[in-house]
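What follows is the residue order along each chain.
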Amino acid sequence: MLYTDKVMDHFENPRNVGVIEDASGVGEVGNPTCGDIMKMYLKIENDVIVDVKFKTFGCGSAIATSSMATELIKGKSINEALELTNKAVVEALDGLPARKIHCSVLAEDAIRMALKDYYTKSGKEMPEELANWEPHEEE
Amino acid sequence: MRVYADNAATTYMSETAMNEMIDCLKNYNGNPNSLHTDGQVTQEKLDQARAKVAKAINAARDNEIYFTSGGSEADNQALISAARGLREKGKKHLITLNIEHHAILHTMRKLEKEGFEVTYLAPEANGIVDVEKIKAAMRDDTALVSIMFANNEMGAVQPIAEIGAACKERKILFHTDAVQAAAHLPIDVQAMNIDMLSMSGHKFHGPKGVGALYARNGIRLLNVIEGGAQERGKRAGTVNVPAIASMAAALEEGVANMEENNKKVIALRDRLIEGLSDIPHSKLNGDPEKRLPGNVNYSFEGVEGESLLLALDNYGICCSSGSACTSESLDPSHVLLGMGVPVEAAHGSLRFSLNEQNTEEEVDYIIEKVHKVVDLYRKMSPFWDELLSGEREHCI
């Protein structure tokens, strides 16, 4: 089959879909030309991500990885969220077809963009790794 | 409910085709090249199949039909034969469309590497090529014009007879990839001045892995496969008689029932088009009338094709999409892009290809579910939010 059961579950029942009106940080990556856009909304209190929502324009992998990524960072600290890699998202989904791995990179990038936005908005000091970070270029 | 609406990708074998194949598998196992009775009765089966295929497209002679492993092989052989064969006569130019199947386009690219010049014409916005543009592109050193009979993705039917006439006047060979058209649209290679034609069994209820190349007498085919003298020395390898006989039977049946089937299929197609037309920011791709009887290709703004496709699959509906994610190569449909559809609209496209086995109930089911999934994925889409808020401009 094209996708694992876990991917199909997250595709059919995506977790945390929506927006956060007064989000602490919002990150959007991708573009319509590529066929993939992910937007992550974070609510952060005391350096903990107390709520996260996402919207995605993209394929089954894109939706599933967004959904899984939000599950993996919900309730976690910012530092833990920064440690999240696309590899971890793919593993949590029991794998993705090789040509779909790039969708998981987008999920990782969207979270970082949202965190970057949080630091910019809140005026708090941005961790160095975020300050030096830029989202991946989509071909 | 399970609704199969992906007949452009492949069709299910008909009873006729299956029975013919089973009969051959059981009773016609000899090698047609053998001189003994077992071989010769199988040779007769092959001859009968060849005659059926020739008749279906009104070829002047049975021996103008060469059996291949499918449409792709036929396309390859047609192009290579015309190009390399006429190179010695100083011909080095080829004309085709940018919306052709990859079997044509990639063969053209190969020929370009060999030094041929290829003109890739774009169709008009409705997916149909302007014959004047083909005429304007013709040169004294043009070896071949290859234009598909009807497009597999958005269904547009090309002005084949007009193109044939134009080619005849300039004495340029004319090949048509009729893989989507055979048994679905009337084909008369003599009246339409078609010099070479490709067809594929599995697009008209025949088996997969078999096709045919028609090449008018006088055209020298060059071998794609070298070896024994099968197919008049032009395509080596012991022929697959069960598959060939099955394909011929399917083709004969399809042509016989074409008029009746098309009445039904066109009505279903138009019902589906009508039923989808009230979805905002969506549009039909390809000419609404000059299109394959069963083809509906629709773009929905703000959503992505693969997600729609998977969601529809969960409802039991089989269809396909022109989005980048649904292709192995991760490129959005070159056909939609080639006719000027914006890339975002290509990503949000779905193709339904109906046939005479679909019903009104099934079409209504498709309509209902497409409304549902487009709505669902638009609600999930930041792209749609931004289109609604005016942050991004609508393209449909």
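Please read all numbers here as calculations on a predicted model, not as lab measurements.

### Section: the overall build of chain A
Here is step 1: Within chain A, the secondary structure is distributed over six helices and three strands.
Here is step 2: The N-to-C order of helical and strand elements in chain A reads α-β-β-β-α-α-α-α-α.
Here is step 3: Here chain A has a C-alpha radius of gyration of 14 Å; the compact-globule value for 139 residues is 14 Å, and the two agree.
Here is step 4: On the principal axes, the C-alpha backbone points of chain A span a range of 45 × 30 × 25 Å.
Here is step 5: Considering chain A as a whole, with its 139 residues, one finds that 47% of them fall into the buried category.
Here is step 6: Counting contacts in chain A only where the partners sit at least 6 residues apart, residues at least 24 apart contribute 62% of the total.

### Looking at the interface of chain A and chain B
Here is step 1: On the chain B side, the residues contacting the 17 residues of chain A number 20 residues.
Here is step 2: Among the elements of the structure, α1 (5-12), β2 (36-45), β3 (48-57) and α2 (60-73) of chain A are those that each provide at least two residues to the side of chain A that touches chain B.

### Here's the deal with the pairing of strand β6 (residues 173-177) of chain B
All names here are of chain B.
Here is step 1: A large share of β6 lies buried, amounting to five of its five residues.
Here is step 2: Because side chains alternate across β6, one face comprises the buried residues Leu173, His175 and Asp177, and the other comprises Phe174 and Thr176, equally buried.
Here is step 3: The sheet contact formed by strand β5 (residues 142-146) and β6 spans three bridges and is parallel. By the bridge assignment for β6, Leu144 is matched with Leu173.
Here is step 4: The parallel pair β5 and β6, bridged by helix α6 (residues 160-170), forms a crossover whose chirality is right-handed.
Here is step 5: In this structure, β6 lies alongside strand β7 (residues 196-200), joined through three bridges in parallel fashion. When the bridges of β7 are listed, His175 appears paired with Met196.

### Observations concerning the sheet that holds β2(A)
Residue and element names in this part refer to chain A.
Here is step 1: Ordered by their spatial adjacency, three strands build an open sheet running β1-β2-β3, and the pairing between neighbours is antiparallel. Either end of the sheet is taken by a strand with one partner, and the two such strands are β1 (25-31) and β3. Between one strand and the next, the sheet's axes are offset by a mean angle of 15°, whatever the strand orientation.
Here is step 2: As paired strands, β2 and β3 are joined by nine bridges and run antiparallel to one another. Note that in β3 the partner of Ile37 across the bridge is Phe57.
Here is step 3: Set on the sheet, α2 makes contact with β2 and β3; between it and β3 the angle comes to about 175°.

### Structural notes on the domain arrangement of chain B
All names here are of chain B.
Here is step 1: What the domain assignment lists for chain B is domain 1 (3-9 + 258-389) and domain 2 (15-254).
Here is step 2: Taking only C-alpha atoms into account, the centre of domain 1 sits 29 Å from that of domain 2.
Here is step 3: With 19 residues of domain 1 at the interface, the matching set in domain 2 holds 20 residues.
Here is step 4: Elements with a contribution of two residues or more to the side of domain 1 that touches domain 2: β10 (295-300) and α9 (334-338).
Here is step 5: Of all the elements, α9 adds the most residues to the side of domain 1 that touches domain 2, at three residues.
Here is step 6: Of the residues belonging to the side of domain 1 that touches domain 2, the class tally is seven nonpolar, eight polar and four charged.

### Some remarks on unusual backbone geometry
Residue and element names in this part refer to chain B.
Here is step 1: Residue His205 is not a glycine yet carries a positive backbone phi of 70°.
Here is step 2: When the 27 C-beta atoms within 10 Å are taken as the criterion, His205 is described as buried.
Here is step 3: With a phi close to 50°, His281 is a non-glycine residue in the positive phi region.
Here is step 4: As for its position among the elements, His281 is in the loop between α7 (241-276) and β9 (282-284).
Here is step 5: In this structure His281 comes out as partly exposed when scored by C-beta crowding, with 19 C-beta atoms within 10 Å.

### Examining the nonpolar core
Here is step 1: Counting 85 residues, the largest nonpolar core has Tyr214(B) and Ile244(B) as its most contacted members.
Here is step 2: Sorting elements by how many residues they give to this core places α7(B) first, with nine residues.
Here is step 3: Taken domain by domain, the makeup of this core includes at least three residues from each of domain 1 (3-9 + 258-389) and domain 2 (15-254) of chain B.
Here is step 4: Listed in part, the 70 residues of the second largest apolar core include Phe54(A), Ile73(A), Leu276(B) and Leu387(B).

### As for helix α12 (residues 382-389) of chain B
Here is step 1: Those residues of α12(B) not exposed but buried are Pro382(B), Phe383(B), Trp384(B) and Leu387(B).
Here is step 2: Residues of α12(B) that are buried sit in contact with β1, β2 and β3 of chain A together with α11 (360-379) of chain B.
Here is step 3: One or two steps after α12(B), the chain reaches Gly390(B), where phi turns positive at roughly 95°.

Cut-offs and rules
Residues numbered from 1 in each chain as written. Chains lettered and ligands numbered in written order. Predicted model: local features only at pLDDT ≥ 70, side-chain atom pairs only at ≥ 80, totals over all residues. Helix = DSSP H or I, 4+ residues; strand = E, 2+ residues; numbered from the N terminus. Rg over C-alpha atoms; globule rule 2.2 N^0.38 Å. Buried ≥ 20, exposed ≤ 12 C-beta atoms within 10 Å, placed from the backbone. Contact = placed C-beta atoms within 7 Å. Pairing = 2+ DSSP bridges. Right-handed = clockwise from strand over helix to strand, strands pointing away. Axes fitted to C-alpha atoms, helices over the stretch in contact; angles between N-to-C directions. Domains from an automatic or database assignment. Nonpolar A, V, L, I, M, F, W, Y, C, P; charged D, E, K, R; others polar. Core = buried A, V, L, I, M, F, W, Y, C linked by C-beta atoms within 7 Å.

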